[in-house]
Every structure is written in C-alpha cells, then in structure tokens.
Amino acid sequence: MPYVVPRRVSEGAVTEISNLNRYREVCAAAANDPNGFWLAQSRERIQWRKEPSIGLMGNFHDVLENPLSWFGDGRLNITESCLDRHLITDPQKTAILWEGDEPGDQRKISYAELHREVCKAANALHELGIRKGERVIIYMGMVPEAAMAMLACARIGAIHSVVFGGFSAEALRDRIRDCGAELIITQDEGLRGGKKIPLKATADEACQGAGTVKKMLVFRRSGADVAWNEPRDIWWHEALQNDTHQAVELEAEHPLFILYTSGSTGRPKGLVHTCGGYITYASYTHATVFDLRPDDVYACVADVGWITGHTYIVYGPLANGATTVMFESIPTYPDAGRYWDMVERHKITIFYTAPTAIRALAAQGGEYVTRYDRSSLRVLGTVGEPINPEAWEWYYKVVGEGRCNIVDTWWQTETGGIAISPIAPATPTEPGSATLPLPGILPSLREADGKIIRGPGQGFLCIDHPWPGQARTVWGDHERFVSTYFGHIPGLYFTGDGCRRNEHGYYWITGRVDDVLNVSGHRMGTAEFESALATVNTVAEAAVVGYPHPVKGQGVYAYIVAQSGEEVDEADLHAACREQIGSHARIDKVQPVPGLPKTRSGKVMRRILRKIAEGKGDELGDVSTLADPSVVEAIRRGFKV
Ligand code: WT7
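Everything quoted here is computed from the prediction, not taken from an experiment.

Reading the values: rules and limits
- Here the residue index of a chain counts from 1 through its sequence in written order.
- Given that the model is predicted, a residue must reach a pLDDT of at least 70 before its local features are reported, and side-chain atom pairs must reach 80 or more before they are shown or counted; all residues, however, enter totals for whole chains, interfaces and linings.
- Excluding hydrogens and water, the side-chain values take into account all heavy atoms of the structure.
- Segments assigned H or I by DSSP are reported as helices when at least four residues long, segments assigned E as strands when at least two residues long, and all are numbered from the N terminus.
- How far a helix is expected to stretch is found by multiplying one less than its residue total by 1.5 Å.
- Throughout, a residue-residue contact means that at least one pair of heavy atoms, one from each residue, lies within 4.5 Å.
- Two strands are counted as paired when DSSP detects at least two bridges linking them.
- Each Phe, Tyr or Trp ring (for Trp, its six-membered ring) is paired with any other whose centre lies within 6.5 Å, and the angle between the two planes then decides the class: stacked below 30 degrees, edge-to-face above 60, tilted in between.
- Working definition: with a 1.4 Å probe on protein chains only, accessible area under 20% of the residue-type maximum means buried, over 50% means exposed, and in between means partly exposed.
- Fitted lines through C-alpha atoms give the axes, limited to the stretch in contact for helices. The angle between two N-to-C directions lies from 0 to 180 degrees.
- By convention in this text, a residue qualifies as near a molecule or strand provided that one of its non-hydrogen atoms is within 4 Å of it.
- In protein, a polar contact means a hydrogen-donor-capable atom and an acceptor-capable atom, both N or O and within 3.5 Å, with residues adjacent in sequence counting only if both atoms are side-chain atoms; elsewhere, any N or O pair within 3.5 Å suffices.
- Here the Shrake-Rupley method, with its probe set to 1.4 Å, supplies the accessible areas, and only the displayed protein chains count as covering residues.
- Only Asp, Glu, Lys and Arg are considered charged, only Ala, Val, Leu, Ile, Met, Phe, Trp, Tyr, Cys and Pro nonpolar, and every remaining residue, Gly among them, polar.

### Describing helix α2 (residues 34-45)
With 12 residues, α2 should cover 16 Å at 1.5 Å per step; its first-to-last C-alpha distance of 16 Å lies within 8% of that length. Lining the buried residues of α2 we find α1 (20-32), β2 (69-70), α3 (78-89) and α9 (275-289).

### Overview of the sheet that holds strand β22 (residues 452-453)
Pairing within the open sheet is antiparallel, and its 5 strands lie in the order β22-β21-β23-β25-β26. The outermost strands of the open sheet, each flanked by one partner alone, are β22 and β26 (507-512). Two elements, strand β23 (residues 457-463) and strand β25 (residues 493-501), share 6 bridges in a ladder whose sense is antiparallel. What sits directly across from Q458, in β25, is R500.

### As for the packing of aromatic side chains
Two numbers describe a pair of aromatic rings. These are the distance of the centres and the angle of the planes. Tallying each qualifying case throughout the model produces 34 aromatic pairs. With a centroid separation of 6.0 Å and an interplanar angle of 75°, the aromatic rings of Y312 and Y352 are classed as edge-to-face. Of this pair, Y312 sits in helix α10 (residues 307-319) while Y352 sits in strand β18 (residues 350-353), and the two are 40 residues apart along the sequence. Under the relative-accessibility criterion, Y352 is labelled buried at 1%. Plain terms: the ring middles of F327 and Y339 are 6.0 Å apart, the flat faces sit at 65° to each other, and that makes the pair edge-to-face. Of the two residues, F327 is situated in strand β17 (residues 323-327) and Y339 in helix α11 (residues 338-346); the sequence distance between them amounts to 12 residues.

### Looking at the sheet that holds β17
With respect to topology, 7 strands assemble into an open sheet ordered β5-β4-β17-β16-β18-β19-β20, the strand pairing being mixed. Edge strands, defined here as strands with exactly one partner in the open sheet, are β5 (106-110) and β20 (405-409). Between one strand axis and the next, the sheet turns through 20° on average, direction left out of account. Summarising the sheet, strand β4 (residues 94-99) and β5 pair through 5 bridges and their orientation is antiparallel. Looking across to β5, one finds that L97 is bridged to K108. Across the sheet, helix α5 (residues 144-156) touches β4, β5 and β17, and the angle it forms with β5 is around 30°.

### Thoughts on the site of the ligand
In the region of the ligand, 17 residues are neighbours, and D408, T409, T413, D497 and R523 sit closest. Here a nitrogen atom of the ligand and a side-chain polar atom of D408 are 2.7 Å apart. In this structure, T409 approaches the ligand through a main-chain N or O atom, which is 2.8 Å from a nitrogen atom. Relative to its free-state accessible area of 550 Å², the ligand is covered by the protein chains to the extent of 95%. Within the shell around the ligand, the residues separate by chemical class into 6 nonpolar, 6 polar and 5 charged.

Structure representation (structure tokens):
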C-alpha cells in the first residue's frame, strides 16, 4: 500500500475485531451466513421481549412485492435497550452530556434521569392522544429534550420524524403533510452561535394549511415570548408529569422513524427505518467502528435532524450504554477553538465530525487547536462527504497529534449506519479512503449496464446483499423506494455514489453520480433548488448544478433565464431558496444566461452545465445534438469564476 498510517497498539480494545486478520475472518463468517451473523449480533446486543428466530426475509430482486424484513418474529421496544437495562448496570452513568451554545453551559443527564424524563414524555404523548403508528414531527435544536422526544415516541410506538431546525416553514409543512403528523414537538427558540432561531414561530407558520396537526408540545429553551395558540399548544414542562411508564411491545419491523432526505428528482422522500434491524445495526457499528470502551466520552457533533444524529448521537450510543455528547452550538463560536476546548473540558475520547468542518477549521490555523489539551482523544471520525487527503492529514497530525485512529465512515440516510469504514483498532488507513466494508456489507462496483467490475476499477457503488440497518421503504410510496434503489441494476441496492477501488480492495468514494448535491455535508437535490427558483416571478427557467468548493465540498451554481423584458434581482433568488428550503440552502454563484442547453426533445443537458460550472468549459465534447448550440457559447462566455 502506498501509505499506511501506523496505528497505536489497541490495548484495552473491546471490539471483537482488533486486527486485520480477525476482520477478514469475521467478514467471511458474515458473508457465508448473514442470518447467523446478524441474529447473533441482535440477540447479544439488544434486549428483546421475544428473541427473533428469523433473520432476513426477502431479497433485492423482489422488494416491490416482498418488502425486506429482518428478525420478523422478534418483539421488543428499543427504549428498553437504550434505557431500562442500563438502570440495572449503571444508573448514575452520564447518558447525555450536553454542551449549550455558550461555552461551559452544560447538563449531565444520567441514565436514571433520562429514563425518568422519557417515561414522563411517553405518558404526556399518550395523554395528548398519540397512539402506536401515529406520526410525530420533532422540530428542535440540539437540546437533550430532542433525544427525549425521539425516545418517548419510540416508547409508545409512535413514529417520529425529526426535521432539521434550519428548514423553512414551507419545507416543514411539506413534511407534516407527507407523513400526516398529528403532533409537533418544538421549542420556543433555538440558540446557535449566539443567534436565536424562531422554531416555534416557524412551526406555527408551517401548521397553517397543514390540517393534520392537532397539538404542539413546546419546550422552553430561551424563555422568549412566543405566540400561544390555545388549546393546541402545551408546554413541555407542564405536560411532563407521571414518570412511570411501561414500554409498548412492538414487532421488530414496526417503523421507528421517518427521515426525509433529498433525491435526484421530485420532493424529498421519507425513508422509513424499523425497530429491530436498525437498533441492531446502530449498536453494532457504533461499538465496532469506534472501538467503544466503557469509560469513553463520545462526541458526535452532528445535528439530530440528520441520520448521523439519529444513529450516532442518540440510538447507537444509548443502546451501547455510552456517554454521548450533545452539542448545541457551532464549531466557530465563540471562535475556531470551540471543539478542542470541549475536548479538553469533557475529556472526550472519540470525536466524530464532517470534513467540511475540518477544512473550515484548518483554514483558521493550528493555534486554535494546540491551545487545548487533546490527550484524551483516541479515535477521530469523519462522515458526510469525501475527505481530501490534506484535511485528513491535518485532522490526523494537528488534532490527533499523530496518535489517534482516523475513521472515514461512508454511509447514507438509507443505509441506517456506517457501511464502509476503517474499524479503529484494526484497519490500516489511507488518507481519503473509506477503506473496507464492515462485516455483512457486500459492496460491488458496476458499469452503467450492471456489468460487474472485479478487482481495481471505478464505477457505480452498489451493495449486493441486504443488511439489518437499511431503510425498508419510502413513506407512502413503496414504488418510489423500489425504483430509486433497485430499479437501476436489478437485484442490487444502488447507492447513487461513484467509487474507485484499488488493488488492495480499498474504496474511495468519488461523490454522487445523480443530481444530488452535497454542500457542507448537507444533502440537497438540484430539483429542490430549481423549483424554489421557479417561484421567483422574474425567472423563466433555472438550472442548478454543483461545482467543487474548497471548504464546502460542493458549491451551488445557478443558471438563470429571466422572463423576457425582466431583470432578476439576486436577492430574490436567495430569499426564495431560504423560504422554500431553509437557511442552509444558499446559492454560491448565479449566472444569468439567455437560455439553457437542451436536446431537441427539450431535456436540459446538465452534463454541459456541470462542466462549465467546474471551469471545464473547453471539455464539452460534442454539442451538435442540441436544439440551439449557440446557447452553449453564450453560457461559456458568461462563466463566473
Ligand atoms: C451521501 C449520503 C452518512 C450520514 C451523513 C450523510 C456522501 C457520506 C461519506 C464519506 C464520501 C460520503 C455520499 C452519500 N457521503 N459519507 N465518508 N465519504 N462520501 O448522509 O445525507 O444521506 O448523504 O453522503 O455521497 O451518498 P446523507
């Protein structure tokens, strides 16, 4: 291998996989007998009311008729694995270590306390009329009550859908409508980097015209005055009373949550994850990849509004009885040393963040890092987008002082948990590579026609065999689920990512092969931007593509055709994206164009637009099939550097 980072000897590792040989053995066992492997994991890790005897039912050829299922005859309530059982072993252990927006503003919530609060919240939800199978939207910032709300839903068998607090009222309303939520749990305001986010006011706005919402449960965070709608609105602290609650027994395949994510076309889709398979996979991958040990202080600084927050702030760590940090603020508040200040104060041992944050912090210089004691750190993780080798090196050398294991974890909302990643104590790493698949994951690289690529090569990343953590369907649209993920290459799960594999079997994710953007680790559809821009009345047509951005990974490049005789004000474009999608959906570059390059049948040639946005306007190839080739020349000339 060209470059293998020396690893620290894994003294005290508790994962069963402590070296590469052992890794290969476990992979072989899992590939030979997936049912045996995952049934053993699920029985060992999870507290079942009725242990499953069945592993997988279904296969990738026939998902439409026969939805995938794992542990079909098992019954459980996942909150008993996340809470109740830890009351016997170590009730006073800190479950959630919360760091508020202001440095040092903290709360330590023990497993006993978390259990009590979740029981209270579960009773409150029941009192509000929420029953098994009903949907609850959680629209909150990073407060422990968000995790409590998720767990309370799980405890009564309600299906939660967390919506990231940056989403606009419009986007929230779409999600409320799509899943038919009857309850929204929110807070008066969110606090982030010294700024206030009007969560309750946005939720109020979203409810107008979304008829299903009957109740709104409001956690008081900032104490701001908020509009109050009697009898719909109820304060969290008034509703939470009775702390005795018996968890509801559920089928393994009962939906645990819906999480909306962007696709290449259409509206965001609500991916459905189910109880038994998801919690098994969350627990397994969290313990294995990060080499979790009993005294770890584990910090994933994602937001619970994304899958990373679900699996690796809440469900995985709590199922494993770990201490999980919840961080309300941003990496640059009050300055670029905030993460490392937290590492020092809380003696964090495992730290998990996104490459975009690493690039942004590296640009501020190493002094913000070296100012703080990072000797507690042992494992450093990244997630969400490819990490460039320079950022990897900075993380490894400057943050980790060359003595921590780096895990570049590839996965997706759809996979439920990490799928390709180093296992901290076992896998030699190479900067920029997500390295090797976890046991039970069988990736394959394919040509567009489905032909398999063996050995080194580059192609579409697919996965050949089901695994317990994967999403089971798209809420309300199973056909869309099947056509999106199993319609490209029959019999395989299609990830939407391009990927390269070297002669050692190491994987490099090269990015999306569809019209999905990854901006600062946020997944957004070009179609969502385009439909937001189309609402601006001076705009006739818009096309949006991504381009390489040094900090964000990808930037957003918009080509705008004005209505004839109109002039487009850029501020209107930004406002439309903010209002239709959210504050995180910002266009980086706008280029006015006379028209879009289209085929004679009217299809926009996105390939050409991507090339020009990437600054490769001289590599367009044949454009003679376009309806109006002169448009290309005009666009090329107007390229915005
Ligand atoms: C897409 C999934 C996984 C949780 C957060 C994002 C990209 C994710 C990596 C990585 C290269 C990565 C892929 C994937 N991605 N992790 N380690 N290296 N690319 O979840 O919002 O569902 O986005 O993020 O393109 O398909 P998501």
